[in-house]
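# Structure at a glance
So you can see what is in the structure, the chains are spelled out below.
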Amino acid sequence: MNSTVVHSGPPADPLPDFQPLAVDGCEAVVLQVQQLVKSYGRGGRPAVDGLTFDVQEGEAFGLLGPNGAGKTTAISVMCTLLRPTAGSVHLDGIDVQAEPGRVRRLLGLVPQEIALYPRLTGRENLRYFARLYGLKGLELEERVADALELVQLQEHADRPVNSYSGGMKRRANLAAGMLHQPRILFLDEPTVGIDAQSRNLILDSLSRLRQAGTTLVYTTHYMEEAQQLCNRVAIMDGGRIIAEGEPAALIAGRAGCANLEQLFLQLTGSHLRDD
Amino acid sequence: MSGFFATFCKELLLIRRDRAGLMLLFIMPAVLVLVVSLVQNNLLETSGTAVPVLLVDEDGGELAKRLTDGLQELGALTLVRQDGDPLDATAAQDAVRGGDYQFAIVIPPGLTEEVRSRARQLAEQSLAGEGAAAEPPLATAELAVYFDPTVQGAFRTAVLSSLRLVVLGLETEEKGKVLAELLPQRIEKLLPALPFGFGTPRPQLSFHWNSEPVLAVREQVALAGGLTKLPTAVQQNVPAWALFGMFFIVIPLSGTLLRERQEGTLQRLRTLPVSPLAILAGKVAAYVLICLGQFGFMLLVGKTVLPLLGTPMLEIGSEPGAIFFLALSAALAATGFGILVGALVGSYEQATMVGSVAVVVAAALGGVMVPVYVMPQAMQAISLFSPLAWGLNGFLDLFVRGGDLISVLPNAFGLLAFFAVTLTLAWIGFLQRNRRGG
Ligand SMILES: Nc1ncnc2c1ncn2[C@@H]1O[C@H](COP(=O)(O)OP(=O)(O)O)[C@@H](O)[C@H]1O
Ligand SMILES: [Mg+2]
């Protein structure tokens, strides 16, 4: 994981009490998003409207926001699924739009949907995606076994995914996103609608991945999760970042907020977002 | 390459787990071919469809007229006569070969005379007794019936049996007339030579004459190459329903594609460092293999199961290479169509609707259910646009008309072009959807 990093953007002004998680004592920018705009169709409001942020190597970066804030859209652009309307995304210094093929080797995605084949077993699903990553033979089997172990699905690996519970499906979804050991893992609401045990297990797995050096970009609307997992968060609404920083600092900088949830409601308003 | 092979294996695994899909692909066409082959045995009797038959009367005699009247009375056939410009046998044969008619009955010149002389000869011989020295027999008069080689067995049997029925009646009548005329003469000749009383010798009759035909019906296939092998209902139905089954791959295939899109696996695939073309090729290869399996299975049914139910065994000619090439082209065409439907529709219900309706319509137009020649002229023209018609035509060419790789190339290229067009349209649809971000 030693790669040269091109840092071409303006230096991000660090928050006063921001304490970067140091990996080997150096801070390297893995993800750089600059003035990112994405509109679906002509006219209308852009779903992502001038997003700018950096993510350092080894960080767990949280993108928080109510429904329709533009989190999925932003992740889709960063993962080469959508072309930006304007602005740029660099992953490990590589322009995502110019060289999607190279970027895809570096990233992993845990999408919002359970992106697995329901009729295949957990292991068959992982094997298929691992082979598409170019893994084979013993290495492939090892990676698949490691991924299954990380999400505690070894015992159910040979059951079809459609027989899994919601929590098991979410865990398998996570396994499929990380089995190729990506440099940066994008997670789009990976814990939505599941049991407390599975959610805990997923958050635990993510901490382990982070300790192993994987950079995480994580969207959620569960504030306590973000507070637990992320060293830095950005709160989005209407396609823009309205606050960014270390959770503790953000809460401290706002009067009358005891936790991230209260801060979030203050910032985004308490009206319903039914998208 | 790994993307191709991994996808190929994954798709086969998915199909293996899809019981309903497998039933649809393998059991449905097999059941259809069994049922339809058996039902068509009685098609004419039950439906009362009058088959158009071109009638050429080169004789013009009394017998020819009675023959046509007899056929007309039966009602099973619609006789078509060209009154203004009478056709000869060659022209009739050409009309059948060219596809204008499926049948032509030719009454040869001098038929009335020939039948009369032959009947008289037979009667005379039989009255002369067993021992009498026979004069050389006169030739049996012949009626020629020309067939389109693709005509199904049931239709052919109907035309022939109608004709044989009328001919038998004519024959019996003609023989009886001659006998009625000769018998009294013969008795008179015998009577004076004998005294009255018992023991009057009766005229010695040999009944040999009764079974001897005076008029024969000769079936002939109107073939350019002079081949006389006749097609069977099985030869029509097996490739027809095999193609139908292959195109039904549209249901499971479009379903898989749709599910990939809806469940987000396509999204995941699109973030992987693998060429989308490799994945597409893997899918195509898997489904083409399934289609070829279906085709092989249907040939097996035609060879082994259908004969058990009393139909003739499936004959497939002598060009296995050409059969494989044509089947491969059809499999590609079917797969291309499935991918196109999968790329364009928005829901599983839509895929099932669009897919099955399109296949059933294309099959009906293509002559799968009802042979093209029974259709009205306008429909026959439209049937040229059905890929199933191209496939069926090609297989009938190989199975029945003695065709080879060269002669099925136009049909095969049609199918391959269909594959190329559908796949291109599907690709355009895929790219547009990606651009829209949906
Ligand atoms: N495929 C699409 N076509 C058109 N509009 C879309 C599409 N996907 C999302 N949007 C719109 O873009 C906005 C942001 O959506 P999204 O990125 O899914 O938000 P989030 O993930 O934060 O809930 C919403 O207003 C949504 O309606
Ligand atoms: Mg979302």
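Residues numbered from 1 in each chain as written. Chains lettered and ligands numbered in written order. Predicted model: local features only at pLDDT ≥ 70, side-chain atom pairs only at ≥ 80, totals over all residues. Heavy atoms only, no water.

### Considering the overall build of chain A
Short version of the rule: Only DSSP runs of H or I covering at least 4 residues are called helices, and only runs of E covering at least 2 are called strands; the numbering of each starts at the N terminus. Burial status follows relative accessibility: with a 1.4 Å probe on protein chains alone, a residue under 20% of its type maximum counts as buried, one over 50% as exposed, and anything between as partly exposed. Residue burial considers only the protein chains on display, and all accessible areas are found by Shrake-Rupley using a 1.4 Å probe.
In terms of regular secondary structure, chain A is built from 9 helices and 10 strands. Each of the 275 residues in chain A was classed as buried or not, and the buried ones make up 55%. Carbon and sulfur atoms make up 48% of the accessible area of chain A, which amounts to about 11900 Å² in all.

### Details of helix α12 (residues 276-308) of chain B
All names here are of chain B. Rules: In this analysis, the expected span of each helix is defined as 1.5 Å times one less than the number of residues it contains. Polar contact is defined as a pair of N or O atoms within 3.5 Å, subject to the rule that within protein one atom must be able to donate a hydrogen and the other to accept it, and that residues adjacent in sequence are counted only when both atoms are side-chain atoms.
With 33 residues, α12 extends 48 Å between its outermost C-alpha atoms, agreeing within 8% with the 48 Å of an ideal straight helix rising 1.5 Å per residue. If you check the start of α12, you find a side-chain oxygen 3.0 Å away from the backbone N of Leu277, and it comes from Ser275. Positioned one or two residues after α12, Gly310 has a phi angle of 95°, which is positive.

### Focus on empty space enclosed by the protein
Test applied: A 1.4 Å probe that fits but cannot get out identifies a cavity on a 1 Å grid over protein atoms alone, an open set with protein on both sides within 12 Å along at least five of seven lines counts as a pocket, and a residue lines either if it has an atom within 4 Å of a point. Grid points are joined across faces, edges and corners, and a volume is the space filled by probe spheres set on the points. Charged residues are taken to be Asp, Glu, Lys and Arg, nonpolar residues to be Ala, Val, Leu, Ile, Met, Phe, Trp, Tyr, Cys and Pro, and polar residues to be all remaining types, Gly included.
In the structure shown here, the tally under the stated rule is 2 cavities of 30 Å³ or more. Around the largest cavity, the lining residues are Arg119 of chain A together with Ile15, Asp18, Gly21, Leu25, Pro252, Thr256 and Tyr287 of chain B. Counting residues per element, the ones that place at least two in the lining of the largest cavity are α2 (19-40) and α10 (250-263) of chain B. Taken together, the residues that form the lining of the largest cavity break down as 4 nonpolar, 2 polar and 2 charged. Volume-wise, the second largest cavity comes out at about 30 Å³. Every residue lining the second largest cavity is listed: Val77, Pro84, Ser88, Val89, Asp95, Val96 and Gln97 of chain A. The residue inventory of the lining of the second largest cavity, partitioned by class, reads 4 nonpolar, 2 polar and 1 charged.

### Observations concerning the interface of chain A and chain B
Inclusion rule: Here, residues are in contact when the closest pair of their heavy atoms is within 4.5 Å. Buried area counts how much accessible surface, traced with a 1.4 Å probe, disappears from two parts once they are put together, with both parts' losses summed. Salt bridge criterion: a side-chain nitrogen from Lys or Arg within 4 Å of a carboxyl oxygen from Asp or Glu.
Counting residues at the interface gives 30 residues for chain A, matched by 29 residues for chain B. Counting the surface lost from both chain A and chain B, the interface buries some 2700 Å², and carbon and sulfur atoms represent 58% of this. Looking at the side of chain A facing chain B, the largest losses of area belong to Leu81, Arg119 and Leu132 of chain A, adding up to 28% of the total buried there. At the boundary of chain A and chain B, one finds 1 salt bridge. Scanning the region where chain A abuts chain B turns up 10 residue pairs in polar contact (both at pLDDT 80 or more). For the side of chain A that touches chain B, the secondary-structure elements that each account for two or more residues are α2 (100-106), β6 (107-110), α3 (122-132) and α5 (166-178) of chain A. Top contributing element to the side of chain A that touches chain B by residue count: α3 of chain A, with 5 residues.

### A look at the sheet that holds strand β2 (residues 48-56) of chain A
All names here are of chain A. Condition: Only when DSSP finds a minimum of two bridges between them are two strands counted as paired. Here an axis means a line fitted to C-alpha atoms, over the contact stretch when the element is a helix, while the angle between two N-to-C directions is reported on a 0 to 180 degree scale.
Ordered by their spatial adjacency, 4 strands build an open sheet running β2-β1-β4-β5, and the pairing between neighbours is antiparallel. Both outer strands of the open sheet, β2 and β5 (94-95), are each paired with one neighbouring strand and no more. Of the pairings in the sheet, the one linking strand β1 (residues 29-38) to strand β4 (residues 86-91) comprises 5 bridges and is antiparallel in character. By the bridge assignment for β4, Leu31 is matched with Leu91. In the packing of helix α1 (residues 71-78) onto the sheet, contacts are made with β1, β2 and β4, and the angle to β1 comes to roughly 120°.

### A word on the packing of aromatic side chains
All names here are of chain A. Stated formally: Ring geometry is summarised as follows: Phe, Tyr and Trp rings, the Trp one being its six-membered ring, pair when their centres sit within 6.5 Å, and such pairs are stacked at plane angles under 30 degrees, edge-to-face over 60 and tilted between the two.
All chains considered together, the criterion is met by 14 aromatic pairs over all chains. Centroid distance Tyr117 to Tyr128: 5.9 Å. Interplanar angle 65°. Geometry classified as edge-to-face. Of this pair, Tyr117 sits in the loop between β6 and α3 while Tyr128 sits in helix α3, placing them 11 residues apart in sequence. Exposure remark for Tyr128: the relative accessible area of 3% places this residue in the buried category.

### Re the site of ligand 1
To keep it simple, the criterion reads: We call a residue near a molecule or strand when any one of its heavy atoms sits within 4 Å of it.
For ligand 1, the set of nearby residues contains 12 residues, the closest of which are Gly68, Gly70, Lys71, Thr72 and Thr73 of chain A. More than one chain approaches ligand 1, the contributing ones being chains A and B. In this structure, Tyr40 of chain A approaches ligand 1 through a side-chain N or O atom, which is 3.3 Å from a nitrogen atom. Taking Thr72 of chain A, its side chain carries an N or O atom lying 2.6 Å from an oxygen atom of ligand 1. Protein burial of ligand 1: of its 560 Å² of free accessible surface, 65% is covered by the chains. Looking at the shell around ligand 1, its residues break down into 4 nonpolar, 6 polar and 2 charged.

### Here we look at the sheet that holds strand β3 (residues 60-64) of chain A
All names here are of chain A. Judged by pairing direction, the sheet is mixed, and its 6 strands sit side by side in the order β6-β7-β8-β3-β9-β10 without closing on themselves. Each having just a single partner strand, β6 and β10 (240-245) make up the two edges of the open sheet. Looking at each pair of strands side by side, their axes are set apart by 15° on average, direction ignored. One ladder, built from 5 bridges, connects strand β7 (residues 184-188) with strand β8 (residues 215-220); its direction is parallel. By the bridge assignment, Ile184 is partnered in β8 with Thr215. Sheet contacts for α1: β3, β6, β7, β8 and β9 (232-237); angle to β7, the most-contacted strand, approximately 150°. Contacting β6 and β7, α5 crosses the sheet at an angle of about 170° to β6.

### Comments concerning the environment of Thr85 of chain A
Residue and element names in this part refer to chain A. By secondary structure assignment, the location of Thr85 is in the loop between α1 and β4. Overall, Thr85 belongs to the partly exposed group, its relative accessible area being 48%. When the C-alpha atoms of Thr85 and Val55 are compared, they prove to be 21 Å apart, with 30 residues separating the residues in sequence. Leaving out residues up to four positions away in the same chain, Thr85 has contacts with Val37, Lys38 and Ser39. In terms of polar contacts, Thr85 uses its side chain to reach the backbone amide nitrogen of Ser39, at 2.8 Å.

### Here's the deal with the domain arrangement of chain A
Residues and elements named next belong to chain A. For clarity, the cut-off: Domain extents, as shown, originate in an automatic or database domain assignment.
When cut into domains, chain A gives domain 1 (29-106 + 182-268) and domain 2 (113-180). Between the C-alpha centres of domain 1 and domain 2 the distance comes to 24 Å. Between domain 1 and domain 2 lies a buried interface of about 1200 Å² when both sides are counted; carbon and sulfur atoms form 67% of it. Broken down residue by residue, the surface that domain 1 buries against domain 2 is led by Pro182, Leu201 and Arg208, which jointly contribute 33%. In this structure, the connection of domain 1 to domain 2 is made through 2 residue pairs in polar contact (both at pLDDT 80 or more). Listing elements by their share of the side of domain 1 that touches domain 2, those giving two or more residues are α2, β7 and α6 (196-211). If one sorts the elements of the side of domain 1 that touches domain 2 by residue count, α6 sits on top with 7 residues.

### Notes on the layout of surface pockets
Taken as a whole, the largest pocket holds about 1100 Å³ of empty space. When residues of the lining of the largest pocket are assigned to their parent elements, the largest contribution, 9 residues, is made by helix α17 (residues 405-436) of chain B.

### A word on α10 of chain B
Residues and elements named next belong to chain B. Along its 14 residues, α10 runs 19 Å from first to last C-alpha, staying within 8% of the 20 Å computed at 1.5 Å per residue. In terms of residue burial, α10 counts as a mostly covered element, since 11 of its 14 residues are buried. By the burial criterion, the buried members of α10 are Val250, Ile251, Pro252, Leu253, Ser254, Gly255, Thr256, Leu257, Leu258, Glu260 and Arg261. One or two positions beyond α10, positive phi appears at Gly264, with a value near 90°.

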